[in-house]
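Coordinates in review
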Amino acid sequence: SDVTIASSLAEIEDKEVYELHVTPSLHLLPALTSTFLEAMALEVAGECQTYNGRVTSFVILSCAVAATGGLLFGYDVGISGGVTSMEPFLEKFFPDVYADMKDSNTSNYCLFDSQLLTAFTSSLYIAGLFASLCASKVTQAFGRRASMLLGGAAFIVGAALGGLAVNVFMLILGRVLLGVGVGFTNQAYFTGSSAPLYLSEMAPPEHRGAINNGFDFFVGLGILSANLINYGTQKIHSDLGWRISIGFAIFPATIMAFGTLFLRETPSSIIQRTNSLQKATEMLRKIRGTDDVHAELDDMIAAGNVSKAARRPLLIIMQRKYRPHLLIAILIPFFKQMTGITAITFYSPLIFRTVGLGESSSLLSTVISGVINVGSVVVAMIIVDRVGRRKLFIVGGVLMFVTHLMVGGVLAAQLGDHGGISKGYAYMILVLICVFTAGFASSWGPLGWLVPSEILPLEIRSVGQSMGIAVALLLVSIVGQTLLAMLCHLKSGVFFFFGGWVLIMTVFVILLLPETKGLPIEKMDQIWRQHWFWKKVEGVEKEGSAPSAGRD
């Protein structure tokens, strides 16, 4: 019987849309195959089909609210490193560490080596990991608002408990409750997803990188806010200073909790979870600012049909055809934490004090680093959709690798177990850390959220993103808990350790990471079939076919 094949080719010459209707016969198959391959090559090269629409005010507002989750995440990251360098805080809760600081016989690299001190930092993230796993069940049973209320309450109680703490138990319990709040509020709206994934689904393909990077921009703002508050409160030479820093977490938590209540589901999510095509169409028209959304809607429906056939996504993601997706979704968050950024964001005030800067100077140095971090994210937002993901990954990797080697070299040559280094070398280390921060914030920082959120097909998008977030939280907890002990035992070698990982991940990007710039998120499966390596290991399965595991 005759078969009609429709193929839409956009962005060609005058950007007209062509339809090819073919009644196949044997002598037409070679020409048809050639046309299909040429079209695919154009898409993978970045001249892919674009949809109608524009960046509407509704998209900007929704994405801004969603991205404020990064504000709280960044504040919690930045605040812990600052307060753990404040002498009144250490004297009250960690007297052994405070005594070591005053003891001239203690090694420079071991001044802050305390598993209890690092537990204060890492407890939030391990609690967030377990809370996010539990929150999905609560959300399914009682709805998003119930989870939001639980998460918001945990935030408020945790911040209050930390600010009013009179012993280490109260202090760490407060951090654990903040972690519970992170897990529940993240899960409550996004239900197995995350803010970066929400941003990727809402954004037009040609602006997806910039909009998704908005999440990391808010993370940077949160870190900078924490650094500024720590710098101000350390001048209060009493317990009131660190209490203000910790308790102030109530404000970003409130902004996130209330703002998230006003968000709406993405069209992809509506199609996946309901049968309401009318609702999905209305939402798509609203976020694109046009009535002509048929091409994008058709792709979403096709992806939704595949997703609905996937009854057990955790089993499906283990299939051979999804191995590239799974590997990228897990390794990108893993590599991101192994850049050494946790050392900089959590413990940079302690590192600056280790090399001889005073309490005030070390906190001011973190403010300078925070400003560079935010500025570099803005640069990434501007250029990511122009130069692509791979180039930013590579340039950022080179900068981080070189600075790790240089910082490690300076410390190995100039800082022994006792004594100090000159102010010139101390400020040189500050400059190198700022260069490292710029390299990270323009590459692995924002792209670590972006790439995993855009390469997963709809049927495994939620479970794949959840696995990536779990890996990230687990690594943050592990690195945060062990870093000061590593600094004590490896000394300057800790920077060579992270430098080696940066070299490995940069080579990984060069060889194995495909470029995803400009490609519609529902057509992302094409990149694997064109990649020199992944096309050899990907399962042989027709495009658009439903996954075999988990069907009824």
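Above this text you will find the structure in question.
These numbers come from a predicted model, not from an experiment. (Residues numbered from 1 in each chain as written. Predicted model: local features only at pLDDT ≥ 70, side-chain atom pairs only at ≥ 80, totals over all residues. Heavy atoms only, no water.)

1. Digging into the nonpolar core
Counting 127 residues, the largest nonpolar core has Phe89, Leu90, Phe94, Phe112 and Trp444 as the members making the most contacts within it. Here the element with the most residues in this core is helix α23 (residues 458–490); it accounts for 13 residues. Those residues within four positions of Phe112 in sequence are excluded, and the remaining contacts are Leu90, Val97, Met101, Leu117, Leu350, Arg353, Thr354 and Leu484. (Core = buried A, V, L, I, M, F, W, Y, C linked by side-chain atoms within 4.5 Å. Buried < 20%, exposed > 50% of the residue type's maximum accessible area, 1.4 Å probe, protein only. Helix = DSSP H or I, 4+ residues; strand = E, 2+ residues; numbered from the N terminus. Contact = heavy atoms within 4.5 Å.)

2. A look at the pattern of salt bridges
Summed over the entire model, instances satisfying the criterion amount to 4 salt bridges. A salt bridge links Arg208 to Glu454, with the nearest nitrogen and oxygen atoms 2.6 Å apart. Placement of the pair is Arg208 in helix α10 (residues 208–233) and Glu454 in helix α22 (residues 444–454), with a sequence separation of 246 residues. Accessibility assignment for this pair places Arg208 and Glu454 in one class, buried. Between Arg389 and Glu454 there is a salt bridge; the shortest N-O distance is 3.0 Å. Remark: Glu454 occurs in helix α22 and Arg389 occurs in helix α20 (residues 389–414); sequence separation between them is 65 residues. Here the two residues Arg389 and Glu454 agree in accessibility, since each one is buried. Overlapping salt bridges bring together Arg208, Asp385, Arg389 and Glu454 as one network. (Salt bridge = Lys/Arg side-chain N within 4 Å of Asp/Glu carboxyl O.)

3. Brief notes about unusual backbone geometry
Among all residues except glycine, the phi angle is most often negative; among peptide bonds, the trans geometry is most common. Residue Lys491 is not a glycine yet carries a positive backbone phi of 55 degrees. Accessibility expressed as a relative area gives 29% for Lys491, which makes it partly exposed.

4. Re the packing of α20 against helix α21 (residues 423–441)
Between α20 and α21, whose axes approach to 8 Å, the crossing angle comes to 160 degrees. Relative to α21, the element α20 lies roughly antiparallel. Taken as a pair, α20 and α21 cross one another with a handedness that is left-handed. Contact residues: Gly396, Leu399, Met400, Thr403, His404, Met406, Val407, Val410, Leu411 and Gln414 in α20; Tyr425, Met428, Ile429, Leu432, Val435, Phe436, Gly439 and Phe440 in α21. When grouped by side-chain class, the residues that make up the contact of α20 with α21 number 13 nonpolar, 5 polar and no charged. (Axes fitted to C-alpha atoms, helices over the stretch in contact; angles between N-to-C directions. Parallel < 35°, antiparallel > 145°, perpendicular 65-115°, else oblique. Left-handed = near helix turned anticlockwise from the far one by under 90°. Nonpolar A, V, L, I, M, F, W, Y, C, P; charged D, E, K, R; others polar.)

5. Thoughts on the packing of aromatic side chains
Under the counting rule described, the total for this entry stands at 17 aromatic pairs. Taking the centre distance of 5.0 Å and the plane angle of 75 degrees together, the rings of Phe93 and Trp242 count as edge-to-face. With a gap of 149 residues between them, Phe93 in helix α4 (residues 87–93) and Trp242 in helix α11 (residues 239–247) connect regions that are remote in the sequence. Like Trp242, Phe93 is buried. Look at Trp528 and Trp534: their rings are 6.2 Å apart centre to centre, the planes differ by 80 degrees, and that puts the pair in the edge-to-face class. Accessibility expressed as a relative area gives 4% for Trp534, which makes it buried. Members of the aromatic cluster, connected to one another through ring pairs, are Phe334, Phe335, Phe393, Trp444, Trp501 and Phe508. Over the face of the ring belonging to Phe93 we find Lys92, whose NZ or CZ atom lies 5.9 Å from the ring centre. Across from the ring centre of Phe120, 5.0 Å away, lies the NZ or CZ of Arg175, which sits over that ring. (Phe/Tyr/Trp six-rings, centres within 6.5 Å; stacked < 30°, edge-to-face > 60°. Lys NZ or Arg CZ within 6 Å of the ring centre and 35° of its normal.)

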